[in-house]
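# Summary of the model geometry
Given next are the chains, with one letter for each unit.
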Amino acid sequence: MKKKAYQKPAITKLQVGFLRDKSSTLSSLVRKEIDGVPVKDLLRRYGSPLFVFSEKRLREQIRYARRIFESQYPRVEFSWSYKTNYLDAICRIFHQEGATAEVVSDFEYEKARRLGVPGEKIIFNGPYKPKNILRRAVEEGARINADSLDEILDLEEIASEQGRKLSIGLRINMDTGIYPRWDRFGFNLESGEVLQVAQRIAAGGKLEVVGLHCHQGTFILEPEAYARATEKLLTLARQLEEKFGWNIEYLDLGGGFPSRNRLKGVYLPPEVAVPPLADYAERIGRVLLSRLQPGEYPLLILESGRALVDEAGFLLTTVRAIKRLPTGQRAYVLDAGVNLLFTAFWYSLKVELGDEILGPPEPCVLYGPLCMNIDVVEESILLPPLPRETPLVISPVGAYNITQWMQFITYRPPVVLITEEGHPEIIRKAETLEDIVRLENLPEHLR
Ligand SMILES: *Cc1c(COP(=O)(O)O)cnc(C)c1O
């Protein structure tokens, strides 16, 4: 991670709101509305807890990302990472903005198709692609990035069935200076595994490699790592083209770009710790343009997930009980916990008050509603004394929470999208008992 001298932020207003734990970072204090819609109105209308997404931010973010990457390199495709957030409405917005679909399972493939995404606009990654869905993806013209030798054998079999040569991509893992290395996906570069596999593919005569893919990890705070990945993929592409006569049509750098979120234990606020997306685009573009001649530019694919969606998502929650722990620390029980906020395990999410509350701040702990000791939303946060029913706004929560939330102990709440015109629309209804028991079956003898 980039080291920067720590500068203590100037603190001017202390009377309202709170300081975030001991790092003395003044957080924004109060958020009474999202895109002009009052938090209180949303809670009154839809109940608490409630996920809220901003269509405006979603569109702005992908347009911004496209603009900065296209300003560095002429051929760019964004492919929306379904597992980051696969709500239909969210995917549809990104598809409307020109993104293809990046899927990693049969479920995600089928969800993209159901939403009307044609096969050729789908990129199929993931370490396990069941044979029947792999066959369907081949038939429908999806781009497939192979992850293992076994999958290559499956693809060869499908090629034989279809009596034609298939074009595929290879997932590559490599040392880009990011640790721990995600070396379980695809084929390793430095060990020579990639070349061995390429040799094997060429000898089989049923497949040809037309793309290289590398997803280094997630929340990568080092733009230079992408420059290294680009360098290495370009060198590999040249090698493969010379050795096997293939034409590498695309380089896919995966996702991993950070959102403005704060990893636990990181002292600096995201505004300081997280490099702007433009830095990543600049590093990648510089390598590509310096190593390639116009006319031989491969398509650059980016599968950015969290950087596009995280900051467009908010969770509204309400203080339901107030406690004093034996340690003397004040604690609040909220109606949303780690069942809805999977990312709270790794990130110190921003907590804002949905209402102005005056009073001396003191360190507090925020618990969720689960009957589990691990259900902690925030271990230490300075807050003024909050009355019962105080609304809180937690962000950024747009990435990975809606897909990894748990149906555990409580119902999952509704999700609302605030349209560009400022109207809230339900994009996922609140779960009911009926939804949850629908798949259960009571055997005859237990009835
Ligand atoms: C999860 C995933 C992504 C998206 O990652 P982010 O860190 O959210 O940008 C992209 N590509 C692949 C292959 C993934 O598994």
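About the thresholds
Residues numbered from 1 in each chain as written. Predicted model: local features only at pLDDT ≥ 70, side-chain atom pairs only at ≥ 80, totals over all residues. Heavy atoms only, no water. Helix = DSSP H or I, 4+ residues; strand = E, 2+ residues; numbered from the N terminus. Rg over C-alpha atoms; globule rule 2.2 N^0.38 Å. Buried < 20%, exposed > 50% of the residue type's maximum accessible area, 1.4 Å probe, protein only. Near = heavy atom within 4 Å. Polar contact = N/O pair within 3.5 Å; in protein donor to acceptor, adjacent residues only side chain to side chain. Areas by Shrake-Rupley, 256 points an atom, 1.4 Å probe, with all protein chains shown as cover. Nonpolar A, V, L, I, M, F, W, Y, C, P; charged D, E, K, R; others polar. Axes fitted to C-alpha atoms, helices over the stretch in contact; angles between N-to-C directions. Left-handed = near helix turned anticlockwise from the far one by under 90°. Contact = heavy atoms within 4.5 Å. Salt bridge = Lys/Arg side-chain N within 4 Å of Asp/Glu carboxyl O. Phe/Tyr/Trp six-rings, centres within 6.5 Å; stacked < 30°, edge-to-face > 60°. Lys NZ or Arg CZ within 6 Å of the ring centre and 35° of its normal. Core = buried A, V, L, I, M, F, W, Y, C linked by side-chain atoms within 4.5 Å. Domains from an automatic or database assignment. Expected span 1.5 Å × (residues − 1). Buried area = accessible area lost by both parts, 1.4 Å probe. Parallel < 35°, antiparallel > 145°, perpendicular 65-115°, else oblique.

### Some points on the overall build of the chain
For the chain, the count of helices and strands is 13 helices and 22 strands. Against the 2.2 N^0.38 benchmark of 22 Å for 447 residues, the chain shows a C-alpha radius of gyration of 24 Å, consistent with a compact globule. Overall, the C-alpha framework of the chain stretches about 70 × 70 × 45 Å when taken along its three principal axes. Per-residue burial for the chain yields a buried fraction of 55% across its 447 residues.

### Overview of the site of the ligand
Taken together, the neighbourhood of the ligand is formed by 16 residues, with K83, T218, G256, E303 and Y400 sitting nearest. A distance of 2.8 Å separates an oxygen atom of the ligand from a polar atom in the backbone of G305. Contacts to the ligand include Y400, whose side-chain N or O atom sits 2.6 Å from an oxygen atom. When isolated, the ligand has an accessible area of 390 Å², and the protein chains bury 95% of it. Looking at side-chain class alone, the shell around the ligand contains one nonpolar, ten polar and five charged residues.

### Concerning the packing of helix α4 (residues 106-114) against helix α5 (residues 131-139)
Close contact between α4 and α5 brings their axes to 10 Å; oriented N to C, the two are set at 35°. The chirality of how α4 crosses α5 is left-handed. Within the contact between the two elements, α4 uses D106, Y109, E110 and R113 and α5 uses I133, R136 and A137. For the contact of α4 with α5, the class distribution of residues is three nonpolar, no polar and four charged.

### Describing the environment of F187
Within the secondary structure, F187 sits in strand β11 (residues 187-188). Residues F187 and S148, 39 residues apart in the sequence, show an inter-C-alpha distance of 7.0 Å. If we ignore the near neighbours within four places in the chain, the residues touching F187 are A146, D147, S148, L149, I152, L170, R171, I172, N173, E193, V194 and V197.

### Let's talk about the pattern of salt bridges
One pass over the full model with this rule turns up 38 salt bridges. For K111, the salt bridge identified is with D88, shortest N-O distance 2.7 Å. Of this pair, K111 sits in helix α4 while D88 sits in helix α3 (residues 88-96), placing them 23 residues apart in sequence. Residue D88 is classed as partly exposed on the basis of its relative accessible area of 25%. Between R114 and D88 there is a salt bridge, and its shortest N-O distance comes to 2.9 Å. Note that R114 is positioned in helix α4 and D88 in helix α3, a separation of 26 residues in sequence. Using a relative accessible area of 58% as the deciding quantity, one classes R114 as exposed. A cluster of three or more residues bridged by salt bridges with shared partners is formed by E55, R59, R63, E97 and E420.

### Some points on the packing of aromatic side chains
Tallied over the entire structure, the rule returns 16 aromatic pairs. Seen from the ring of F124, K129 lies directly overhead, with NZ or CZ sitting 5.8 Å from the centre. The ring of Y250 carries the charged tip of R143 above its face, separated from the ring centre by 5.4 Å.

### Section: the nonpolar core
Counting residues in each nonpolar core, the largest one holds 117 residues, and the members touching the most others are F69, Y82, L170 and L212. Three or more residues apiece are contributed to this core by two domains, here domain 1 (13-53 + 313-437) and domain 2 (125-304). By size, the runner-up hydrophobic cluster in this structure holds 13 residues, among which are V39, L43, Y46 and V416.

### Comments concerning helix α2 (residues 55-70)
Given a rise of 1.5 Å per residue, 16 residues ought to cover 22 Å, and the 22 Å separating the end C-alpha atoms of α2 matches this to within 8%. When α2 is considered as a whole, its buried residues turn out to be E55, L58, R59, Q61, I62, A65, R66, I68 and F69.

### Considerations on α3
Residues of α3 that are buried: I90, C91, I93, F94 and H95. G98 occupies a position one or two residues after α3 and carries a positive phi of about 100°.

### Section: the domain arrangement of the chain
How big an interface is tends to be reported as the loss of accessible area on association of its parts. Examined at the domain level, the chain breaks down into domain 1 (13-53 + 313-437) and domain 2 (125-304). Tallying the contact residues gives twelve residues for domain 1 and eight residues for domain 2. Carbon and sulfur atoms supply 44% of the area buried between domain 1 and domain 2, which totals about 990 Å² over both sides. Counting across the interface, domain 1 meets domain 2 through one salt bridge. Counting every contact that joins domain 1 to domain 2 gives four residue pairs in polar contact (both at pLDDT 80 or more). Per-class residue counts for the side of domain 1 that touches domain 2 are six nonpolar, three polar and three charged.

### As for the environment of V104
Relative to the assigned elements, V104 resides in the loop between β7 (100-103) and α4. Residue class for V104 comes out partly exposed when judged on its relative accessible area of 21%. Distance from V104 to C214, taken between C-alpha atoms, is 14 Å for residues 110 residues apart in sequence. If sequence neighbours within four positions are ignored, V104 has contacts with K83, F124, N125, G126 and Y128.

### Points about the packing of α2 against α3
For the pair α2 and α3, the least separation of the axes is 10 Å and the interaxial angle reads 40°. When the axes of α2 and α3 are compared, the pair comes out oblique. For the crossing formed where α2 meets α3, the hand is right-handed. Two secondary-structure elements touch here, α2 through E55, L58, R59 and I62 and α3 through I90, I93, F94 and Q96.

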